[in-house]
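What follows is each chain in one-letter form.
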Amino acid sequence: MKTISFNQLQFRIFFILIFLFSGLLGAYRFFIQQPQLATSLIAYSERELSSLKTAIFQLNQPFATLNYDYSIWTDTYKFITQDNEEDKQEYIEDNYLDDTFLSLKIDGVFIFDKQFNPLFTKGLNHQTNQPLKFNFFDLNEFPHNKAINPQLKNAQRRLIDTEVANTFGTINTLYGPAFYYSTEILKSDKTGPAVGFLVFVRLLNDSFAQQLSQLTLTTVEVSHITTPNQTDIPKWDETVPLTALTPTSERLLVDPANNPLIKITLNHTNQAMPSLWSFETLMLILSMIMLSISVYFILGNFVIQPVKQLALNIEEMDKAKAYKALPKDFIITELLKLSTHFNALMDTVNRQNALLNEQVFVDELTRISNRRAFERFLETHMVISQRQGFNFSIIMADIDQFKAYNDHFGHLAGDEAITIVAQTLNSFFPRKDEMCARYGGEEFIILFNDTNITHISQKLDVIINKFAELNIDHPQSSVASYLTVSFGVCVVKSQPSDQNQNLTSETIIDMADKALYQAKEKGRNQYNINTIPPDAGYKKSS
């Protein structure tokens, strides 16, 4: 029998151990660890697809808010219901000049009656200032486009949860695909039937892919579809679970007839599974050989449990829909990379949610609260007021002869003046239980937690004097040589509970609006005060 030396036996055992341990470790990574990691990476890719959907909504949120504000506006309602052509033309000239398209960043405005008859149409490229002529609303040629009417049952999606009917989607035009947002036209208090609907259109430009890439933290490519038979690709707002880790995912923007218009290709951060044998794994094998079998249990503590815990954390967060940062104390590069990217994605989603909330409740021009925010604040305030029996005041403010100011200086100067007035008014009401908001156009509304007539008068006198100090030149004003503001106040005093229950926010705002009208009738640049319940009344000129 051939003998071998101890050194030779030891050498053979060493290689046998390497082979056995490598096989066991390789089998573990292939059959256990890799599937778990694949599940986590697929979940991360699905989060990226979800961020794409969020990004598209976020890009169109200001666009949708503007459409809503213009639709739920008395002037737009009067444009359809009144027969005076001079008033109609004045409404168009005041609101839809070329500067309006530039400031609102839209490319088309269309007003329809309930029978889908166009009452006003205008197209202007807000980037090139070139006139555009749209024909997508020709129902004889494009009958499926009737779906842009928000009152139809087949309306695609509601971007904002409200009782006002609206639709949002993409539509094909002579100048390529465009986003549209459509809202039914109602009175400003949302009462009565809709008399038509207002459509805003924004063309998809070359920066669309770049904007999506910035918001999703991935590379996004956008391509126009020339052959409309790619119906096997999901729509952009559909949730389709991923079954495997893929380098890219594709989504479609379609028109109201579900014809594909745009293909969006999202390049996933994790495009493939990491290598089965990494440098760290080889070093681990050598360490395990040196430390014998006991190191296998160390491997379990440093590799197996973190992977399981990582997958469990993601699964639990997915079920609870409550996301939190994953730990970053991994020694495995792939796990650390996955944790880092996941946390970065969650930070992006949180920032997007915060920005979305701000865009919903903050006026885009003046950066103070908008009408929607004020209505929600007032409803909450009235519930507390009726329950606890304390008083408050509503103040309506309106810039005097602002149309003449706009006609003289232009809409951009008008926007600057509105912003100065908004910031000035807002500075006088800094408390958390008070609010100053832009109500629409050059009109503002304020909730003031003081019902003392003397205090209110002193406050308004100071504000009126402040505008005199600002001395914003207004040569077209018949009131003063500078820009002035008129105020109407409704003081809501405590009443018996049965009467309080019949008091609505619409009643209070209407009383303040009537007081504002009275102040303007008296000559503007002053205020008038009404009370609920009515008393002898009080009015004070500046």
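Above this text is the structure in question.
So, here is what we can say about the structure in this document.

## Side note on the sheet that holds strand 1 (residues 108–113)
Moving on, step 1. The strand order across the open sheet formed by six strands is 3-2-1-6-5-4, and the pairing between neighbours is antiparallel. One side of each edge strand has no neighbouring strand; the edge strands of this open sheet are strand 3 (131–132) and strand 4 (166–173).
Moving on, step 2. Two elements, strand 2 (residues 118–124) and strand 3, share two bridges in a ladder whose sense is antiparallel. Residue pairing for strand 3: G123 is matched across the bridge by L132.

## Quick look at the pattern of salt bridges
Moving on, step 1. In this structure the tally under the stated criterion is twelve salt bridges.
Moving on, step 2. Its salt-bridge partner being R371, residue E375 comes within 3.1 Å of it at the nearest N-O pair. With E375 and R371 both in helix 9 (residues 371–388), this residue pair falls four residues apart, about one helical turn.
Moving on, step 3. When its relative accessible area of 25% is taken as the criterion, E375 is described as partly exposed.

## Quick notes on a negative patch on the surface
Moving on, step 1. A cluster of acidic residues, D75, E86, D87, E90 and E93, forms a negative patch on the protein surface.
Moving on, step 2. The element contributing the most residues to the negative patch is helix 3 (residues 85–95), with four residues.
Moving on, step 3. Inspection of the secondary structure assignment puts E86 in helix 3.

## Some details on helix 5 (residues 208–216)
Because an α-helix packs 3.6 residues into every turn, residues spaced three or four apart end up facing the same way.
Moving on, step 1. Burial in helix 5 covers these residues: F208, A209, L212, S213, L215 and T216.
Moving on, step 2. Positive phi appears at L217, one or two residues downstream of helix 5, with a value of about 60°.

## Brief notes about the side chain of S71
Moving on, step 1. Structurally, S71 is set in helix 1 (residues 6–71).
Moving on, step 2. For S71, a relative accessible area of 0% translates into the label buried.
Moving on, step 3. The contacts of S71, once residues within four sequence positions are left out, are T76, T183, E184, I185, L186 and L198.

## Quick look at the pairing of strand 8 (residues 248–254)
Moving on, step 1. For strand 8, the tally of buried residues reaches five of seven residues, placing the bulk of the element in the interior.
Moving on, step 2. Two elements, strand 8 and strand 9 (residues 260–267), share seven bridges in a ladder whose sense is antiparallel. Pairing of L253 across the sheet is with I262, part of strand 9.
Moving on, step 3. Here strand 8 hands over to strand 9 after five residues, with N258 in that stretch at a positive phi of 65°.

## Remarks on the nonpolar core
Moving on, step 1. Y96, I111, L253 and I264 are the most contacted members of the largest nonpolar core, which has 39 residues in total.
Moving on, step 2. If you tally residues by element for this core, the top one is helix 1, at eight residues.
Moving on, step 3. If we ignore the near neighbours within four places in the chain, the residues touching Y96 are Y70, Y91, F101, V109, I111, F120, K122 and L198.
Moving on, step 4. Y405, F448, I456 and F467 belong to the second largest nonpolar core, which has 30 residues in total.

## Some details on helix 10 (residues 402–409)
Moving on, step 1. Buried within helix 10 we find F402, Y405 and N406. End-on view of helix 10: buried residues confined to an arc of 95°, all on one side of the axis.
Moving on, step 2. Residues of helix 10 that are buried in the fold lie against strand 10 (392–399) and helix 11 (411–427).
Moving on, step 3. Following helix 10 by one or two positions, G410 has its phi on the positive side, about 100°.

## Topic: the sheet that holds strand 9
Moving on, step 1. Taking strand neighbours across the sheet as the criterion, the three strands line up as 7-9-8 in an open arrangement whose pairing is antiparallel. Looking at which strands have only one partner, the edges of the open sheet turn out to be strand 7 (219–224) and strand 8. In this sheet, neighbouring strand axes are inclined to one another by 20° on average, regardless of whether the strands run parallel or antiparallel.
Moving on, step 2. Docked against the sheet, helix 5 engages strand 7, strand 8 and strand 9, running at close to 155° with respect to strand 7.

## Some words on the packing of aromatic side chains
Moving on, step 1. Applying the stated criterion across every chain yields a total of 26 aromatic pairs.
Moving on, step 2. Aromatic side chains F168 and Y181 sit 6.1 Å apart centroid to centroid with 40° between the ring planes, which places their arrangement in the tilted category. Of this pair, F168 sits in strand 4 while Y181 is found in strand 5 (residues 176–185), placing the two residues 13 residues apart along the sequence.
Moving on, step 3. An aromatic cluster is defined as three or more aromatic residues linked by ring pairs; in this entry it consists of F110, F112, F116, F134, F136, F137, Y175 and F197.
Moving on, step 4. Directly above the aromatic system of Y439 lies the positively charged group of R371, at a separation of 4.3 Å from the ring centroid.
Moving on, step 5. The ring of Y68 is capped by R372, whose NZ or CZ atom sits 4.2 Å from the centre of that ring.

## Digging into the environment of T170
Moving on, step 1. Inspection of the secondary structure puts T170 in strand 4.
Moving on, step 2. Distance in space between the C-alpha atoms of T170 and Y180 is 5.8 Å, their sequence separation being ten residues.
Moving on, step 3. Discounting chain neighbours no more than four positions away, the residues touching T170 are A178, F179, Y180, L253, V254, D255, P256 and L261.
Moving on, step 4. Looking at T170, its side chain comes within polar contact range of the main-chain oxygen of V254, at 2.4 Å.

## Regarding unusual backbone geometry
Moving on, step 1. In this structure, K105 is a non-glycine residue whose phi angle is positive, near 60°.
Moving on, step 2. Structurally, K105 can be placed in the loop between helix 4 (98–104) and strand 1.

Each value, and the rule that gives it
- Residues numbered from 1 in each chain as written.
- Predicted model: local features only at pLDDT ≥ 70, side-chain atom pairs only at ≥ 80, totals over all residues.
- Heavy atoms only, no water.
- Pairing = 2+ DSSP bridges.
- Helix = DSSP H or I, 4+ residues; strand = E, 2+ residues; numbered from the N terminus.
- Salt bridge = Lys/Arg side-chain N within 4 Å of Asp/Glu carboxyl O.
- Buried < 20%, exposed > 50% of the residue type's maximum accessible area, 1.4 Å probe, protein only.
- Patch = residues over 30% accessible without salt bridge, like charges linked within 9 Å, V, L, I, M, F, W, Y side chains within 5 Å.
- Areas by Shrake-Rupley, 256 points an atom, 1.4 Å probe, with all protein chains shown as cover.
- Lys, Arg positive; Asp, Glu negative; His and termini not counted.
- Charge placed at Lys NZ, Arg CZ, Asp CG, Glu CD.
- Contact = heavy atoms within 4.5 Å.
- Core = buried A, V, L, I, M, F, W, Y, C linked by side-chain atoms within 4.5 Å.
- Arc of directions from axis to C-beta.
- Axes fitted to C-alpha atoms, helices over the stretch in contact; angles between N-to-C directions.
- Phe/Tyr/Trp six-rings, centres within 6.5 Å; stacked < 30°, edge-to-face > 60°.
- Lys NZ or Arg CZ within 6 Å of the ring centre and 35° of its normal.
- Polar contact = N/O pair within 3.5 Å; in protein donor to acceptor, adjacent residues only side chain to side chain.

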